[in-house]
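# Inside the fold
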Amino acid sequence: MKLDKNLAIGVFDSGVGGISTLSQLIYNLPNEKYIYYGDSKNAPYGLKDPKIVEKLSLDVGKKLIEKGVKSIVIACNTATSSAMDAFKRNFDIPIIGMEPAIKKAVELNKKGRIMVMATPVTLEGERFNRELNSLNPVPDIIKLPCRGLVEIIEEYGGGIEVENYLKKAFKDINVDEIGLIVLGCTHFIFIRDEIRRVLGKDIDMIDANKYTAMELKEILIEKDLINPNTSDFTEVKLINSSNEDKMIKLSKTLLEKELNRLEWEGNIKYI
Ligand code: DGL
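Report on the accompanying structure. (Residues numbered from 1 in each chain as written. Predicted model: local features only at pLDDT ≥ 70, side-chain atom pairs only at ≥ 80, totals over all residues. Heavy atoms only, no water.)

### As for the overall build of the chain
Put simply, the rule is: Secondary structure is summarised from DSSP: a helix means a run of H or I of at least four residues, a strand means a run of E of at least two, and numbering begins at the N terminus for each. Restricting the calculation to C-alpha atoms gives the radius of gyration, and the globule rule supplies 2.2 Å times the number of residues raised to the power 0.38. For every residue, the accessible area (1.4 Å probe, protein chains only) is compared with the maximum for its type, and the residue is labelled buried under 20%, exposed over 50%, or partly exposed between those bounds. All accessible-area figures derive from a Shrake-Rupley calculation using a 1.4 Å probe, and residue coverage is judged against the displayed protein chains alone. Lys and Arg are tallied as positive, Asp and Glu as negative. Neither His nor the chain termini are counted. Charge placement uses NZ in Lys and CZ in Arg. For Asp and Glu, CG and CD serve respectively.
Looking only at helices and strands, one finds 11 helices and 10 strands in the chain. For a compact globule of 271 residues, the expected C-alpha radius of gyration is about 18 Å, and the chain comes in at 18 Å, within 12% of that figure. Along the first, second and third principal axes, the C-alpha atoms of the chain reach 50 × 35 × 35 Å. Each of the 271 residues in the chain was classed as buried or not, and the buried ones make up 56%. Accessible surface for the chain amounts to roughly 12,500 Å². Of this, 48% is attributable to carbon and sulfur atoms. Side-chain charges in the chain split into 39 positive and 41 negative, and the spacing between the mean points of these groups amounts to 2 Å.

### With respect to helix α8 (residues 160-169)
Applicable threshold: As used here, the arc is the angular range of directions from the helix axis to the C-beta atoms.
Among the residues of α8, those classed as buried are Val162, Glu163, Tyr165 and Leu166. Looking straight down α8, one finds its buried side chains confined to an arc of 160°; they lie on one side. Counted as exposed and oriented over 90 degrees from the buried face of α8: Ile160 and Lys168.

### Focus: unusual backbone geometry
Along the chain, Ala43 connects to Pro44 via a cis peptide bond; the corresponding omega equals 0°. Of note, the amide linkage connecting Asn136 to Pro137 takes the cis form, showing an omega dihedral of 0°. As for its position among the elements, Pro137 is in the loop between α6 (126-134) and β6 (141-145). Although it is not a glycine, Asn243 adopts a positive phi angle of roughly 60°. Mapped onto the elements of the fold, Asn243 is located in the loop between β9 (233-240) and α11 (245-261). Even without glycine at this site, Glu263 takes up a positive phi of about 55°. Structurally, Glu263 can be placed in the loop between α11 and β10 (267-270). Judged by relative accessible area, which is 66%, Glu263 ranks as exposed.

### Quick word on the pairing of strand β5 (residues 113-118)
Just so we agree on the cut-off: Following DSSP output, two strands are said to pair if at least two bridges run between them.
For β5, the buried fraction is high: five of the six residues fall into the buried class. One ladder, built from five bridges, connects β5 with strand β7 (residues 178-183); its direction is parallel. Looking across to β7, one finds that Arg113 is bridged to Ile178. Across five bridges, the pairing between β5 and β6 is parallel. Its bridge partner being in β6, Ala118 is matched across the sheet by Pro145.

### With respect to the packing of aromatic side chains
The relative placement of two aromatic rings is captured by the distance of their centres and the angle of their planes. What counts, and what does not: Side-chain rings of Phe, Tyr and Trp (the six-membered ring for Trp) are treated as a pair once their centres are within 6.5 Å; stacked means planes under 30 degrees apart, edge-to-face means over 60, and tilted covers the remaining angles.
One pass over the structure, following the stated rule, counts two aromatic pairs. An angle of 10° between the planes, with centres 5.9 Å apart, marks the rings of Phe12 and Phe87 as stacked. Highlighted residues: Phe12 in strand β1 (residues 8-13) and Phe87 in helix α3 (residues 77-90), separated in sequence by 75 residues. Exposure remark for Phe12: the relative accessible area of 0% places this residue in the buried category. In this structure Phe87 comes out as buried when scored by relative accessible area, which is 0%.

Quick look at the structure:
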C-alpha cells in the first residue's frame, strides 16, 4: 500500500503524557500534521493487566487508522510495553514505540546509580527487562514504580499535589547515590521541576522523546513520507476520550509549556 505523504501522524498515550512527545515531534518535524489521541477516560494504563492495556491501545490505534494517518507514534512507555507487537501485527503503517532510555542513560551516566521512574507495567514488563539484561554489564539500577502519579498529573498537570506524592515516593532514596534519573513515563516529563525541588538537588534527567522524534524522522525519510507542506504553522488536532474540555485545555497548556521550554519559534493551528 502506498501511503499519502499529506496524511497526519497519529500520536497516542493513555492521557496527556504523550503531549511531551508531541512537543518533540513538532520541534523536529514542524511541517507534519498531527492527530493526538489521549485516552484519559481509561487512564492510568500502568496499573492494568498488560492484556487489557493491549486491547485499549489497539482500540485507539484503530480509531487513528480510521481518521487516516500515515504512521503512529505510541507516546506511552506502558502501551509500547504491552501492545507494540500487536500493533506491528495489526497495522500496515510505520509504528514507532517508546521505551525508557536505559541504554542512553548508561552511556551518559558518570556520576552514580541510575534511577528509573516508570509505571509498574513498564518496569515489570518483558520488553524493559529484556533491554536491561541485554546490557553488558547489566546496570545496577533503582526501579521506582510510581503507582498513582499518572492520575495526579492527569488531574493537576503538576504543582504541590505532585510534590506531596514525590516526598513519600522518595523517602527511602539516598539522593547522593543517584547519578541520573530516567523518566520512563511520558507523563513524568512535565514534573522535572517538582522532582528537582523535592530531591533538593539538580540531578540530570533523561527521557526518550528526542530519540523517538529522531526515529520517526529517519523512518519518514527512508519511506519517502515526509510531508512537502511548507506553511508557517503546524496543524494539530487534539482528541481526548474523556470528552471533558478540561483535558483538551490541559493538553494545550502542557504542549505550549514544553514548546516554550524548547524555545520553538513556530506556530500551531489547532484544527
Ligand atoms: N504516559 C504513560 C507512560 O509513558 C502513562 C501510562 C499510564 O497511564 O499509567 O507509561
